[in-house]
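Architecture at a glance
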Amino acid sequence: MLDPQLLRTDPEAVAAALKPRGYELDVAAWRELESRRKELQIHVQELQNQKNQSAKSIGQAKARGEDIQPLLDEVRHLGEELGRSESEFNEVQSRQQGWLLEMPNLALPDVPQGNDENDNVEIRKWGELPQFNFEPRDHVELGEVTGMIDAQAAVKLSGTRFVVLKSGLSRMHRALAQFMLDVHTQEHGYMEVYLPYLVNAATMTGTGQLPKFEDDAFATTDDPPLYLIPTAEVPMTNLVAGEIIDADDLPMRFTSQTPCFRREAGSYGKDTRGIIRQHQFEKVELVQIVRPENSNSALDDLTGHAESILQHLIIPYRVIILCTGDMGFASARTYDIEVWLPGQDRYREISSCSVCTDFQARRMKARWRNPESGKPELVHTLNGSGLAVGRTLIAVMENYQQQDGSIKVPKVLRPYMNGQKIIR
RNA sequence: GGAGAGGUGCCAGAGUGGUCGAAUGGGCUCGCCUGGAAAGUGAGUGUACGGUGUUGAGCCGUACCGAGGGUUCGAAUCCCUCCUUCUCCGCCA
């Protein structure tokens with residue numbers, strides 16, 4: 001959520017900043033709603049004050065044993081008027097709140113302006129592209145050749161955009177997640193957490209999935225419903241919702257492996273081949289809660305932590321910065337890590353690392369006590385995939401494939417696979 | 001799922017309709033005392049929002065005692081619904 005104060009004092013500036021993000025703010029309408037709110041709030045508070053005053057004098061009169069009937073007559077009309085004004089005020093306020101909840105975060109100044117992914121800018125590249133003396137297969141073919149990806153079974157069980165992995169591939173999938181968690185906890189100072197996969201609406205609202213993106217999430221039929229997490233970012237960031245954190249406890253670094261559930265509404269026909277885009281996938285997520293002044297460097301750190309996984313695995317990748325039009329709702333700056341897939345002869349997204357400034361913190365009421373002011377102030381939150389396990393598995397398959405379709409096991413994974421060197 | 005008991009400020013814990021933002025104790029902050037410290041002692045110590053303002057000192061007001069609704073001139077206190085914690089029973093990994 002944006003700072004309502006800022007929207008109050010300078011809506012034009014907010015509108016201008018929101019425009020490159022593809023959000024048109026109707027400044028005139030906002031202004032009108034805002035002045036209505038102000039008017040009503042003053043009125044309501046004035047009536048409440050009158051109510052309190054007269055209630056007090058009635059109490060005093062009664063204590064003195066006086067006749068309170070005349071006083072009662074005096075305030076009779078107050079309740080009615082107050083009720084009317086209050087409900088009008090609440091209505092205006094909730095409209096304003098609803099509006100605020102659907103406005104995206106402001107991009108930081110250094111984010112490139114643009115409309116879509118074509119305007120993203122490459123920052124750096126790492127690794128050497130693998131050379132094959134045969135035509136490399138993509139992961140779908142490799143899965144078929146080895147029989148370790150069973151798409152048919154998944155369709156039978158659930159439908160499209162699900163997968164069944166078998167044998168060595170399933171094991172490598174597990175090994176990858178374990179390996180990532182170990183790196184982040186042992187080398188980068190993250191605390192591993194185990195999290196709920198079903199969360200309530202408040203939690204989904206805190207990180208920005210609700211109310212605007214309700215259609216993207218799976219929900220239970222309970223009343224009220226619970227939502228299947230689309231990423232561990234949701235429960236993990238909300239760990240600090242409503243908290244006032246000790247300055248000494250910052251920064252906080254959390255990591256967790258969870259399944260992620262996404263309806264992928266609006267991506268019909270996109271990535272239908274293979275297991276790039278699934279309704280369910282595993283991800284190791286990184287979350288940081290930091291002091292505002294540290295959030296920029298924290299994003300560089302966090303992105304580096306995610307990159308280190310691919311460096312350990314020795315798989316080439318590049319880092320790009322997303323332009324204003326391609327960024328996620330809550331993000332103020334996003335770096336995507338794209339991994340090299342020889343079977344597709346291109347880079348594909350494997351991680352997305354974002355700093356959300358105080359956008360999520362304001363929604364969640366996540367604060368820290370700033371020793372300088374002595375007051376609670378909003379924290380900054382960051383999140384990033386470290387990494388998407390399914391896509392990392394694809395990257396290993398395609399980069400480590402051999403002519404017969406078998407796949408070499410990267411050295412760092414072997415300890416997690418009982419020393420196994422090849423899966424086939 | 002059934003029965004019972006709770007949810008109050010940083011913590012503990014009073015408060016069963018009126019002057020309660022809330023006693024008391026602890027903690028914390030600042031000061032006194034001390035050579036220094038302990039003990040003792042004095043004062044202070046929530047959040048959000050609105051108004052005003054010499055604009056981030058202050059002053060005035062509103063809301064908040066798990067959440068939401070209701071009764072009342074007036075609710076932390078009464079009623080209803082929900083959430084949640086604990087104990088016992090059932091069930092279960």
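Bear in mind that the values here come from a model prediction, so they are computed numbers and not experimental data.

Quick look at helix α4 (residues 69-101)
- If you check α4, its first and last C-alpha atoms are 48 Å apart, about what 33 residues at 1.5 Å a residue would give, namely 48 Å.
- Check the buried side of α4 and you find it contacts α1 (4-9), α3 (27-63), α8 (201-207) and α11 (359-364).

Structural notes on helix α12 (residues 389-399)
- With 11 of its 11 residues buried, α12 lies for the most part within the structure.
- Taken together, the buried positions of α12 are occupied by V389, G390, R391, T392, L393, I394, A395, V396, M397, E398 and N399.

Comments concerning the sheet that holds strand β8 (residues 252-261)
- What the eight strands build is an open sheet, ordered β1-β10-β11-β12-β15-β9-β8-β4; its pairing is mixed. Taken across any chain shown, the strands that pair with only one partner, and hence form the sheet edges, are β1 (121-126) and β4 (191-192).
- Bridge count for strand β9 (residues 280-290) against strand β15 (residues 380-388) is seven bridges, and the pairing is antiparallel. If you follow I289 over to β15, its bridge partner there is T381.
- Packed onto the sheet, helix α10 (residues 295-313) meets β1, β8, β9, β10 (317-321), β11 (333-341), β12 (346-355) and β15 and runs at close to 10° relative to β15.

Considerations on the protein's contact with RNA strand B
- The environment of RNA strand B is formed by 18 residues, the closest being R8, K38, Q48, N49 and A55.
- Sugar plus phosphate: this is where 73% of the atoms of RNA strand B within 4 Å of the protein reside.
- With respect to RNA strand B, the side chain of Q45 contributes an N or O atom lying 3.3 Å from a base nitrogen.
- Within the contact set of RNA strand B, a phosphate oxygen lies 3.1 Å away from a side-chain nitrogen or oxygen of N52.

Structural notes on a negative patch on the surface
- Among the surface-exposed residues, E135, E141, E144 and D345 lie close enough to one another that they form a single negatively charged patch.
- Relative to the helices and strands, E144 resides in helix α5 (residues 139-146).
- On the basis of relative accessible area, E144 is assigned to the exposed category, the value being 60%.

With respect to the packing of aromatic side chains
- Applying the stated rule across the entire model yields eight aromatic pairs.
- Plain terms: the ring middles of W30 and W99 are 5.1 Å apart, the flat faces sit at 70° to each other, and that makes the pair edge-to-face. Of this pair, W30 sits in helix α3 while W99 sits in helix α4, placing them 69 residues apart in sequence.
- W99 gets classed as partly exposed once you look at its relative accessible area, which sits at 22%.
- When the ring of W340 is compared with that of Y347, the centres are 5.1 Å apart and the planes differ by 70°; the resulting orientation is edge-to-face.
- On the basis of relative accessible area, W340 is assigned to the buried category, the value being 10%.
- Cluster of aromatic residues (ring-pair linked, three or more members): F213, F329 and F359.
- Looking at R253, its charged tip hangs above the ring of Y190, at a distance of 5.6 Å from the centre.

Structural notes on the packing of helix α7 (residues 167-187) against α10
- Contact pair α7 / α10: the axes reach a minimum separation of 10 Å and the direction vectors enclose 125°. Between α7 and α10, the interaxial angle falls into the category oblique. Read as a crossing pair, α7 and α10 show a hand that is right-handed. Within the contact between the two elements, α7 uses L176, F179, M180, V183, H184 and E187 and α10 uses H305, A306, S308, I309, H312 and L313.

Comments concerning the domain arrangement of chain A
- Looking at chain A, the domain boundaries give domain 1 (26-101) and domain 2 (117-423).
- Summarising the inter-unit geometry, the C-alpha centres of domain 1 and domain 2 are found 49 Å apart.

Concerning the nonpolar core
- Grouped together as the largest cluster of nonpolar side chains are 51 residues, with contacts concentrated most on M172 and L176.
- Contributions of two or more residues to this core are made by α7, β9, α10, β10, β11, β12, β15 and α12.
- Residue contributions to this core peak at nine residues, all from α7.
- Apart from the residues within four sequence positions on either side, L176 is in contact with L313, V389, T392, L393, V396 and L413.
- Y23, L25, L101 and A330 belong to the second-largest nonpolar core, a separate cluster that totals 17 residues.

Concerning the pattern of salt bridges
- Applying the stated criterion across every chain yields a total of 19 salt bridges.
- Between R333 and D110 there is a salt bridge, with the nearest N and O atoms lying 3.0 Å from each other. You can see R333 sitting in strand β11 and its partner D110 sitting in the loop between α4 and β1, a full 223 residues away along the chain.
- With a relative accessible area of 43%, D110 lands in the partly exposed category.
- Where D358 meets R362, a salt bridge forms, and the shortest distance between an N and an O atom there is 3.0 Å.
- Overall, R362 belongs to the buried group, its relative accessible area being 14%.
- One salt-bridge network, in which partners are shared between bridges, spans E264, D271, R277 and R348.

A closer look at the sheet that holds strand β13 (residues 367-369)
- A sheet is described by the order of its strands in space; here three strands give the open sequence β7-β13-β14, paired in mixed fashion. On the outer flanks of this sheet lie β7 (244-245) and β14 (376-378), each paired with one strand and no other.
- By the bridge criterion, two bridges tie β7 to β13 in an arrangement that is parallel. Each bridged residue has a counterpart across the sheet, and for I245 the counterpart in β13 is W368.

Concerning the side chain of H380
- Note on placement: H380 falls in strand β15.
- The buried category is assigned to H380, whose relative accessible area is 12%.
- Aside from chain neighbours lying at most four places away, what touches H380 is Q288, I289, V290, P292, S295, T357 and D358.

Each value, and the rule that gives it
- Residues numbered from 1 in each chain as written.
- Chains lettered and ligands numbered in written order.
- Predicted model: local features only at pLDDT ≥ 70, side-chain atom pairs only at ≥ 80, totals over all residues.
- Heavy atoms only, no water.
- Helix = DSSP H or I, 4+ residues; strand = E, 2+ residues; numbered from the N terminus.
- Expected span 1.5 Å × (residues − 1).
- Contact = heavy atoms within 4.5 Å.
- Buried < 20%, exposed > 50% of the residue type's maximum accessible area, 1.4 Å probe, protein only.
- Pairing = 2+ DSSP bridges.
- Axes fitted to C-alpha atoms, helices over the stretch in contact; angles between N-to-C directions.
- Near = heavy atom within 4 Å.
- Polar contact = N/O pair within 3.5 Å; in protein donor to acceptor, adjacent residues only side chain to side chain.
- Patch = residues over 30% accessible without salt bridge, like charges linked within 9 Å, V, L, I, M, F, W, Y side chains within 5 Å.
- Areas by Shrake-Rupley, 256 points an atom, 1.4 Å probe, with all protein chains shown as cover.
- Salt bridge = Lys/Arg side-chain N within 4 Å of Asp/Glu carboxyl O.
- Lys, Arg positive; Asp, Glu negative; His and termini not counted.
- Charge placed at Lys NZ, Arg CZ, Asp CG, Glu CD.
- Phe/Tyr/Trp six-rings, centres within 6.5 Å; stacked < 30°, edge-to-face > 60°.
- Lys NZ or Arg CZ within 6 Å of the ring centre and 35° of its normal.
- Parallel < 35°, antiparallel > 145°, perpendicular 65-115°, else oblique.
- Left-handed = near helix turned anticlockwise from the far one by under 90°.
- Domains from an automatic or database assignment.
- Core = buried A, V, L, I, M, F, W, Y, C linked by side-chain atoms within 4.5 Å.

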